[in-house]
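The primary structure of each chain is shown beneath.
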Amino acid sequence: MTETAKTHVILLSCGSFNPVTKGHIHMFEKAREYLHKTGRFIVIGGIISPVHDSYGKPGLVPSRHRLTMCQLAVQSSDWIRVDPWECYQDTWQTTCSVLEHHRDLMKRVTGCILSNVNTPSTTPVIGQPQNQTPPIYQNHSNMNHKPTAIKVWGKVSESLGKICCVRPHMERFTFVDENANLGTAMRYEEIELRILLLCGSDLLESFCIPGLWKDSDMEVIVGDFGIVVVPRDGADTERIMNHSSVLRKYKDNIIVVKDAVSHPMSIVSSTKSRHLKRRRQHTTECY
């Protein structure tokens, strides 16, 4: 399968990140590695979206600190970035709302329509007719050369900083203003692009808790976008999916990352990380 024929993916992870752990970053890396191995996907970017302070989780550290920790955690990554949009809203946002925001944002920034996971586009979502402005990327040895999706993500990420709206108390964090538009100067190769929710099996299991998620939100998250699940602690994802009617209905939209090597994915959990730290401190005090 050629690169342009593959589905290009942006992985989005929502959560408290209280604190962010090495496991969170490892989850992104393992998901990208697995998706590439399937031969059907190319991951061109990753987004960490920390939850709003009004989420109400006990012990939730103020967002300005969580954002700083997340930014430090990805500073060496060339494909994962931290987005503070959730934290800048007036109140807590649902996961469904965050996914829709980033889908609409990418549409405004790139001027293209992102594909629905259930109805892959028969025409390219990137590569729509543009004006006659010379493309930003030019290969002087071949003027017909079009930029790859990796370059698209790089250019978009670069542009985010140029047209950002910076809030006074978070000078180091930038994001695209609601009215931002990069115009139509950028020309892309013809690819299919989707945003997929990246999560651990604990979030997948939470879909089975009655009343915790709105059915309409689950339909959009799993049905329209799709999710990539990195199992934790040997979780039985097959059993979890069979326990929910919505998960069973959209089972084909759920990609479970399989790994022949056992990895301690429990360290993804911020809660477990905090508890482990407390146990270590207690053990040190006892001795």
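The structure presented is a predicted model; accordingly, all values stated were derived computationally and were not measured.

*Asks:* Which residues make up the pairing of strand 4 (residues 192-200), and what values go with them?
*Replies:* Burial of strand 4 is extensive: 9 of the 9 residues sit out of reach of the surface. A two-sided burial pattern is seen for strand 4, the buried positions comprising Glu192, Arg194, Leu196, Leu198 and Gly200 on one face and Leu193, Ile195, Leu197 and Cys199 on the other. As judged from the 6 bridges shared by strand 1 (residues 7-15) and strand 4, these two strands associate in the parallel manner. Within strand 4, the position partnered with isoleucine 10 by the bridge is isoleucine 195. Note: strand 4 against strand 5 (residues 227-230), 4 bridges, orientation parallel. Paired with leucine 198 across the strands is valine 228, a residue of strand 5.

*Asks:* How would you sum up the confidence of the model for the chain? Please name residues and give values.
*Replies:* For the chain, per-residue confidence averages 77 on the pLDDT scale, and residues scoring 70 or more make up 63% of the total. Every residue in residues 280-287 is under pLDDT 50, and counting partners more than four places away or in other chains gives 0 contacts.

*Asks:* I'd like a description of the packing of aromatic side chains, backed by residues and values.
*Replies:* A complete count under the given rule lists 3 aromatic pairs for this structure. Look at phenylalanine 28 and tryptophan 79: their rings are 6.0 Å apart centre to centre, the planes differ by 70°, and that puts the pair in the edge-to-face class. Note that phenylalanine 28 is positioned in helix 1 (residues 22-38) and tryptophan 79 in the loop between helix 2 (63-73) and strand 3 (80-82), a separation of 51 residues in sequence. By relative accessible area, tryptophan 79 is classed as buried at 5%. With 6.2 Å between their ring centres and 40° between their planes, tyrosine 55 and tryptophan 92 make a pair best called tilted. Here tryptophan 92 lies in the loop between helix 3 (85-88) and helix 4 (95-110) and tyrosine 55 lies in the loop between strand 2 (41-50) and helix 2, a separation of 37 residues in the sequence. For tyrosine 55, a relative accessible area of 45% puts it in the partly exposed group.

*Asks:* An account of the side chain of glutamine 93 is needed here, citing residue identities and associated values.
*Replies:* Checked against the element boundaries, glutamine 93 lands in the loop between helix 3 and helix 4. One polar contact links the side chain of glutamine 93 to the main-chain carbonyl oxygen of threonine 91, over a distance of 3.2 Å. Not counting the four nearest positions on each side in its chain, glutamine 93 is found in contact with Trp85, Glu86 and Val98.

*Asks:* Just give me the short version of the environment of aspartate 252, but keep the residues and values in it.
*Replies:* Mapped onto the elements, aspartate 252 comes out in the loop between helix 9 (245-249) and strand 6 (254-256). According to the relative accessible area criterion, aspartate 252 is exposed, its value standing at 77%.

*Asks:* Report on the sheet that holds strand 5, specifying residues and quantitative values.
*Replies:* Read across the sheet, 6 strands follow the order 3-2-1-4-5-6 without closing on themselves; strand pairing throughout is parallel. One side of each edge strand has no neighbouring strand; the edge strands of this open sheet are strand 3 and strand 6. Within the sheet, the average angular offset between the axes of one strand and its neighbour, ignoring direction, is 25°. The sheet strands contacting helix 1 are strand 1, strand 2, strand 3, strand 4, strand 5 and strand 6, and the helix crosses strand 2 at an angle near 160°. Across the sheet, helix 2 is in contact with strand 2 and strand 3; its angle to strand 2 comes to roughly 150°.

*Asks:* Account for the pattern of salt bridges, naming residues and giving values.
*Replies:* Evaluated as defined, the whole model comprises 11 salt bridges. Across the pair aspartate 202 and arginine 232 runs a salt bridge, and its minimum N-O distance is 2.6 Å. Highlighted residues: aspartate 202 in helix 6 (residues 201-206) and arginine 232 in the loop between strand 5 and helix 8 (237-242), separated in sequence by 30 residues. Look at aspartate 202 and you get partly exposed, because its relative accessible area is 41%. In this structure, glutamate 219 and lysine 249 form a salt bridge, with 3.5 Å as the shortest nitrogen-oxygen distance. Of the two residues, glutamate 219 is situated in helix 7 (residues 215-225) and lysine 249 in helix 9; the sequence distance between them amounts to 30 residues. On the accessibility criterion, glutamate 219 (25% relative accessible area) is partly exposed. Linked through salt bridges whose partners overlap, the residues forming this network are Lys30, Glu33 and Lys37.

*Asks:* Any details on helix 1? Residues and values, ideally.
*Replies:* The first and last C-alpha atoms of helix 1 sit 25 Å apart over 17 residues, in line with the 24 Å expected at 1.5 Å per residue. Considered for burial, the residues of helix 1 that qualify are Gly23, His24, Ile25, Met27, Phe28, Lys30, Ala31, Tyr34 and Leu35. Glycine 39 occupies a position one or two residues after helix 1 and carries a positive phi of about 80°.

*Asks:* How would you summarise unusual backbone geometry if you had to cite specific residues and measurements?
*Replies:* In the segment running from asparagine 18 into proline 19, the intervening peptide bond is cis, with an omega of 10°. With respect to the helices and strands, proline 19 occurs in the loop between strand 1 and helix 1. The phi dihedral of phenylalanine 17 falls on the positive side, at around 50°, and the residue is not glycine. Turning to its location among the elements, phenylalanine 17 is positioned in the loop between strand 1 and helix 1.

Rules of the game
- Residues numbered from 1 in each chain as written.
- Predicted model: local features only at pLDDT ≥ 70, side-chain atom pairs only at ≥ 80, totals over all residues.
- Heavy atoms only, no water.
- Buried < 20%, exposed > 50% of the residue type's maximum accessible area, 1.4 Å probe, protein only.
- Helix = DSSP H or I, 4+ residues; strand = E, 2+ residues; numbered from the N terminus.
- Pairing = 2+ DSSP bridges.
- pLDDT = per-residue confidence, 0-100.
- Contact = heavy atoms within 4.5 Å.
- Phe/Tyr/Trp six-rings, centres within 6.5 Å; stacked < 30°, edge-to-face > 60°.
- Polar contact = N/O pair within 3.5 Å; in protein donor to acceptor, adjacent residues only side chain to side chain.
- Axes fitted to C-alpha atoms, helices over the stretch in contact; angles between N-to-C directions.
- Salt bridge = Lys/Arg side-chain N within 4 Å of Asp/Glu carboxyl O.
- Expected span 1.5 Å × (residues − 1).

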